[in-house]
Amino acid sequence: MPEGGDLGKIPLDCVVYRAVKLINLKPDGTPQSGCFSDLADADGSKDYMSVYFADEMAANGVSVKDLAAHWGERYAIVEFTVADLVTEGEAVWRDPDGKFPGHGACKRADGLKRTVGQKRRIAKLARRSDA
Amino acid sequence: MTIVATSLDSPRSRQEVAQAAATGSGTVTRSIRVTKPGKDASVTAMLEEPGSPPAWLPKLLQEDFPERDEHNVIGPSALIRFAQACAALPLRTPQPFFNVGDDATLGAEWDIGLCHVAIQVGNDPAVDMLYVEVNDREIGEIPLNGNERVLASIMAKILPGSLVL
């Protein structure tokens, strides 16, 4: 959806979760930059990065532990805030997927693919939330 | 998809060929063959730089990246350009942290001392990038294509035992 996404409808201090593969964490527990890529799907309909919004998860009675269980043992959950993403030029929006409450999406507001530098900056902001 | 380092002049096991390619021993020609099932799907990329690539490169291309590419989204051309970018690295360059991104890119990054060096290679060469950070500060991000020697030069400068930047 870019062009600001749902900015204004999602609190800037809302925590945003992202599931990343454990195998893509470095030994110190920090995620590699490549963990923060848009999905390269065939038809482009999901050409964004999947995230989960804590406020909507809470409203539906699920926690980050439930999210970790949903993704399974091959994944870790990291978190940042909506403000972190917006500061990095991201548009964020709610995008219910019918699989787990709070699903949302983000993408560069200009619609372009993230560069490795932009991925790196997001990776540096990410904190483990399930460790 | 399978990837094999191969000799053009004598039949050897993949392991022997990969080892020889990594160490520069024997008569093995420095090539990496990337094969994919289907017609017109075999490509041989001749590594352009003289000398030997780091020892971890053949395994990274043969086994590690294909294993991480669960959805088989990475094309041979991306693997070839990744190989070309890394072939000129100093032999003592440590194996990078690596990943296959959801956006069909190969990522590799090194944390060496205060320096962070990352490359990204995708099916679309336009997304190939080289990124450098020193002491947590971004130094720059430039296209990787055409700057493979810059990557090698940076690595040579930041590896332990080198003069500091």
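Above this text is the structure in question.
What you are looking at is a predicted structure, and each value in this text was computed from that prediction instead of being measured.

Caption draft 1: A look at the packing of aromatic side chains. All names here are of chain B. Applying the stated criterion across every chain yields a total of seven aromatic pairs over all chains. With a centroid separation of 6.3 Å and an interplanar angle of 55°, the aromatic rings of W56 and W110 are classed as tilted. Separated by 54 residues along the polypeptide, W56 in helix α2 (residues 56-68) and W110 in strand β5 (residues 105-112) bring together distant segments of the chain. On the accessibility criterion, W56 (9% relative accessible area) is buried.

Caption draft 2: Examining the layout of surface pockets more closely. Taken as a whole, the largest pocket spans an internal volume of roughly 860 Å³. As for the largest pocket, its lining consists of 34 residues, and the residues nearest its centre are R18, L39, S50 and W71 of chain A together with D102 of chain B. Take the lining of the largest pocket: its biggest share by element is four residues, from strand β1 (residues 15-21) of chain A. Class assignment of the residues belonging to the lining of the largest pocket gives a composition of 15 nonpolar, nine polar and 10 charged.

Caption draft 3: Expanded view of the interface of chain A and chain B. Residue-level contacts link 23 residues of chain A with 21 residues of chain B. Between chain A and chain B, roughly 1900 Å² of surface is buried when both sides are summed, and carbon and sulfur atoms account for 42% of that area. A per-residue breakdown of the area chain A buries against chain B is headed by Q32, V116 and R120 of chain A, which together make up 26% of the total. Our enumeration of links across chain A and chain B arrives at 10 salt bridges. Between E109 of chain B and K26 of chain A there is a salt bridge; the shortest N-O distance is 2.8 Å. Here chain A and chain B share 19 residue pairs in polar contact (both at pLDDT 80 or more) between them. Residue assignment for the side of chain A that touches chain B shows that the elements contributing at least two residues are β1 and α4 (116-125) of chain A. A per-element tally of the side of chain A that touches chain B places α4 of chain A first, with six residues. For the side of chain A that touches chain B, the per-class residue count stands at five nonpolar, seven polar and 11 charged.

Procedures and definitions
- Residues numbered from 1 in each chain as written.
- Chains lettered and ligands numbered in written order.
- Predicted model: local features only at pLDDT ≥ 70, side-chain atom pairs only at ≥ 80, totals over all residues.
- Heavy atoms only, no water.
- Phe/Tyr/Trp six-rings, centres within 6.5 Å; stacked < 30°, edge-to-face > 60°.
- Helix = DSSP H or I, 4+ residues; strand = E, 2+ residues; numbered from the N terminus.
- Buried < 20%, exposed > 50% of the residue type's maximum accessible area, 1.4 Å probe, protein only.
- 1 Å grid on protein atoms, 1.4 Å probe; cavity = no way out; pocket = protein on both sides within 12 Å on 5 of 7 lines; lining within 4 Å.
- Points joined across faces, edges and corners; volume = space filled by probe spheres on them.
- Nonpolar A, V, L, I, M, F, W, Y, C, P; charged D, E, K, R; others polar.
- Contact = heavy atoms within 4.5 Å.
- Buried area = accessible area lost by both parts, 1.4 Å probe.
- Salt bridge = Lys/Arg side-chain N within 4 Å of Asp/Glu carboxyl O.
- Polar contact = N/O pair within 3.5 Å; in protein donor to acceptor, adjacent residues only side chain to side chain.

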